[in-house]
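# Residue-level structural notes
These are the residues of each chain, in order.
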Amino acid sequence: MKYFLLICSFLLIVSCKTETENVNKPTFIIGKWIRLNDKEGYKTYENWNTDFTGVGYTLKNKDTTFKEIMSIVSVNDTLHLKVEGVNETATFFKFTSQTDTSFVCKNAQNEFPTKIKYYIENMQLKALVSNDDFSIDFVFESVK
C-alpha cells in the first residue's frame with residue numbers, strides 16, 4: 001500500500017509539471033539571417049539562438065551603424081519580444097497572435113514601432129515593423 005501511494009504521489013507531481021520554457025515559442029526564427037532588401041552599401045543581420053536570444057545589427061562597410069539585443073521571454077505566462085540597446089530601458093512587445101510560421105507583437109506606448117510581425121514565406125524570414133503612419137519591410141534569407 002505504501003508503494004502504491006508513493007507511485008500515485010509521484011505521478012501526481014509529474015503530471016502537474018509546468019510547461020517547459022520553449023513551448024509555443026516560434027522556432028522558425030532560429031538561425032542566422034541576412035537582409036536581402038537593404039539600402040545600398042549596408043548589410044543587416046539577425047542571428048537567433050535556440051534559447052530564443054538574438055542580435056540584430058547593421059553594417060556599413062565594416063562599421064556597425066545599428067545594434068539591438070532581442071529575446072523572446074515569458075512574462076506572466078504571456079510571450080513578449082524584448083528589445084534592448086535601442087532605448088534607455090528594454091522595450092517589451094506583447095505577443096497578440098501566433099502560428100507555426102508567424103507571430104505578431106505590439107506595444108502601443110512605443111513611438112516606433114508599435115507593431116512587429118515576423119513570418120516565414122517562400123523560405124525567407126520576413127519582418128514588418130510599423131506604427132499607424134509608417135512601416136518598414138525586412139526580407140531575410142538564411143545564411144548557410
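No experiment lies behind these values; they were computed from the predicted model shown. (Residues numbered from 1 in each chain as written. Predicted model: local features only at pLDDT ≥ 70, side-chain atom pairs only at ≥ 80, totals over all residues. Heavy atoms only, no water.)

### As for the pattern of salt bridges
Under the defined criterion, the tally for this structure stands at three salt bridges. For Lys82, the salt bridge identified is with Glu84, shortest N-O distance 3.9 Å. The exposure class assigned to Lys82 is partly exposed, which follows from its relative accessible area of 22%. (Salt bridge = Lys/Arg side-chain N within 4 Å of Asp/Glu carboxyl O. Buried < 20%, exposed > 50% of the residue type's maximum accessible area, 1.4 Å probe, protein only.)

### Regarding the side chain of Glu46
Position of Glu46 among the secondary structure elements: in strand S2 (residues 42-48). Of the side chains bearing the opposite charge, Arg35 lies closest to the buried Glu46, which forms no salt bridge; the N-O distance is 8.6 Å. Within the structure, Glu46 has its side chain in polar contact with the side chain of Tyr118 (distance 2.9 Å). (Helix = DSSP H or I, 4+ residues; strand = E, 2+ residues; numbered from the N terminus. Lys, Arg positive; Asp, Glu negative; His and termini not counted. Polar contact = N/O pair within 3.5 Å; in protein donor to acceptor, adjacent residues only side chain to side chain.)

### Quick notes on the environment of Asn61
One can find Asn61 in the loop between strand S3 (53-60) and strand S4 (63-75). Taking the C-alpha atoms as reference, Asn61 lies 6.9 Å from Gly41; in sequence the two are 20 residues apart.

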